[in-house]
Amino acid sequence: MKKIIIAIDGFSSTGKSTLAKQLAKKLHYVYVDTGAMYRAITLFAMRQGFIADDEIDEISLTESLGEIELKFIFNEDLGFAEMFLNDENVEKEIRTMSVSKNVSQVAVLEAVRKKLVSMQQAMGVEKGIVMDGRDIGTVVFPEAELKIFMTASPEKRAVRRYKELLDRGEDVKYVDILENVQKRDFIDSNRAISPLKRADDAIEFDNSDLGLEDQFQRIYEHSLRVI
Ligand code: C5P
């Protein structure tokens, strides 16, 4: 079997990461969650005081990018890689609502995207990778052998995210999550650099009413056709 690159893009909380993790496990591929990378930089910017009242100090963040070291370290017990920011495990903190509220503004910045896209491209040099994000099939790996684009209604996605955050013990309101999901979709789809859009050759999945198992099976079959 030949090794390929599988790019999974789509709107927030469409279940991309669950699917990508499952697929990577089944194919013995590496899974890379690029959203975690944008989230870790956002956390760094928040801690440094570069983000206040929805405003980002772009110059300070850009100047500090060289100080940020991001690493994925595989956790055997969890079965997936966790995000480390300058050697600190930030896997839980990057998933909080406060990071979700700021991440899309950080992700529009050219210097941030440049740094992360080149790291992501380096991770895919040997192929055998499943990467999820917003611009994987369009910008990071336009030559990926299999591209999936995932959508679902904002309400369905907000319910999923709400349950996830409640399970993690966060005190959140459904309406705030719905608003965050819609706001991120808007910013992600309308930014000047690498906006979220379906690559022409991506297979689209609307999983509003599709169970996880069904969806996985269909995408797995697609991957077997290419491999
Ligand atoms: O995938 P996740 O929801 O964790 O991504 C968080 C945010 O990071 C997205 O809303 C988007 O603003 C940004 N992102 C991006 N490009 C990617 C992955 C994520 O702009 N490839």
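Residues numbered from 1 in each chain as written. Predicted model: local features only at pLDDT ≥ 70, side-chain atom pairs only at ≥ 80, totals over all residues. Heavy atoms only, no water.

Taking an unreviewed UniProt entry as the reference, the protein is identified by name as Cytidylate kinase belonging to Maribacter hydrothermalis. UniProt's Sequence similarities (unreviewed entry) comment on the protein is quoted here verbatim: "Belongs to the cytidylate kinase family. Type 1 subfamily." UniProt, in the comment section headed Subcellular location (unreviewed entry), describes the protein in these words: "Cytoplasm". (UniProt positions renumbered as here; feature names shortened; annotations may be inferred.)

Points about the pattern of salt bridges
Summed over all chains, the structure comprises 16 salt bridges. Put simply, R168 and E164 hold a salt bridge, and the shortest N to O gap is 3.7 Å. In this structure, the salt-bridge partner of R191 is D188, at a minimum N-O distance of 3.6 Å. Owing to a relative accessible area of 7%, R191 belongs among the buried residues under this scheme. A cluster of three or more residues bridged by salt bridges with shared partners is formed by D33, E91 and R95. (Salt bridge = Lys/Arg side-chain N within 4 Å of Asp/Glu carboxyl O. Buried < 20%, exposed > 50% of the residue type's maximum accessible area, 1.4 Å probe, protein only.)

Section: the pairing of strand β1 (residues 5-10)
Buried residues dominate β1, accounting for six of its six residues. In β1, alternate side chains face the same way, and those of I5, A7 and D9 on one face and I6, I8 and G10 on the other are all buried. For β1 and strand β9 (residues 146-151), the ladder comprises five bridges, and the chain directions are parallel. Paired with D9 across the two strands is F149, which belongs to β9. (Helix = DSSP H or I, 4+ residues; strand = E, 2+ residues; numbered from the N terminus. Pairing = 2+ DSSP bridges.)

What to know about the nonpolar core
I41, L61, L70, M83 and V112 are the most contacted members of the largest nonpolar core, which totals 35 residues. Tallying contributions element by element places helix α2 (residues 34-47) first for this core, with eight residues. Once you skip the residues sitting within four places of it in the chain, L61 turns out to touch I41, F44, A45, F50, I56, V106, L109 and V112. Core analysis: the next-biggest nonpolar cluster, separate from the first, contains 20 residues, L23, V130, I148 and Y220 among them. (Core = buried A, V, L, I, M, F, W, Y, C linked by side-chain atoms within 4.5 Å. Contact = heavy atoms within 4.5 Å.)

Some words on unusual backbone geometry
Positive phi, close to 60°, is recorded for S13, a residue that is not glycine. Here S13 is to be found in the loop between β1 and α1 (16-27). A positive phi is found at K127, a non-glycine position, where the angle reads about 60°. By relative accessible area, K127 is classed as partly exposed at 32%.

Here we look at the UniProt feature "domain: Cytidylate kinase" (unreviewed entry) in the protein
Residues annotated by UniProt as "domain: Cytidylate kinase" (unreviewed entry) correspond here to residues 6-221. From the first C-alpha to the last, residues 6-221 spans 13 Å; its make-up is 48% helix and 19% strand.

Describing the packing of α2 against helix α4 (residues 97-106)
Packed helices, taken two at a time, are described by their axes: the angle between them and the distance between them. Packing of α2 against α4 brings their axes to within 9 Å, and their N-to-C directions diverge by 100°. One finds that α2 runs roughly perpendicular with respect to α4. Seen from α2, the contacting residues are Y38, R39, I41, T42, L43 and M46; seen from α4, they are S98, V99, S100, N102, V103 and V106. (Axes fitted to C-alpha atoms, helices over the stretch in contact; angles between N-to-C directions. Parallel < 35°, antiparallel > 145°, perpendicular 65-115°, else oblique.)

Brief notes about the site of the ligand
Residues in close proximity to the ligand total 15 residues, the closest being R39, R113, D135, D188 and R191. A distance of 2.8 Å separates an oxygen atom of the ligand from a polar atom in the side chain of R113. Calculation on the ligand without its partners gives an accessible area of 450 Å², and the protein chains cover 95% of this total. Elements with a contribution of two residues or more to the shell around the ligand: α2, α4 and α8 (174-190). Considering each element in turn, the shell around the ligand owes the most residues, four residues, to α2. (Near = heavy atom within 4 Å. Polar contact = N/O pair within 3.5 Å; in protein donor to acceptor, adjacent residues only side chain to side chain. Areas by Shrake-Rupley, 256 points an atom, 1.4 Å probe, with all protein chains shown as cover.)

Things to note about the sheet that holds strand β2 (residues 30-33)
Spatially, β2-β8-β1-β9-β10 is the arrangement adopted by the five strands of the open sheet, whose pairing is parallel. For this open sheet the edge positions go to β2 and β10 (203-206), each flanked by a neighbour on one side alone. Neighbouring strand axes in the sheet, compared pairwise and without regard to direction, differ in orientation by 20° on average. Bridge count for β1 against strand β8 (residues 129-133) is five bridges, and the pairing is parallel. Bridging across to β8, I6 finds its partner in V130. Relative to the sheet, α2 contacts β2 and β8, its axis offset from that of β2 by approximately 40°.

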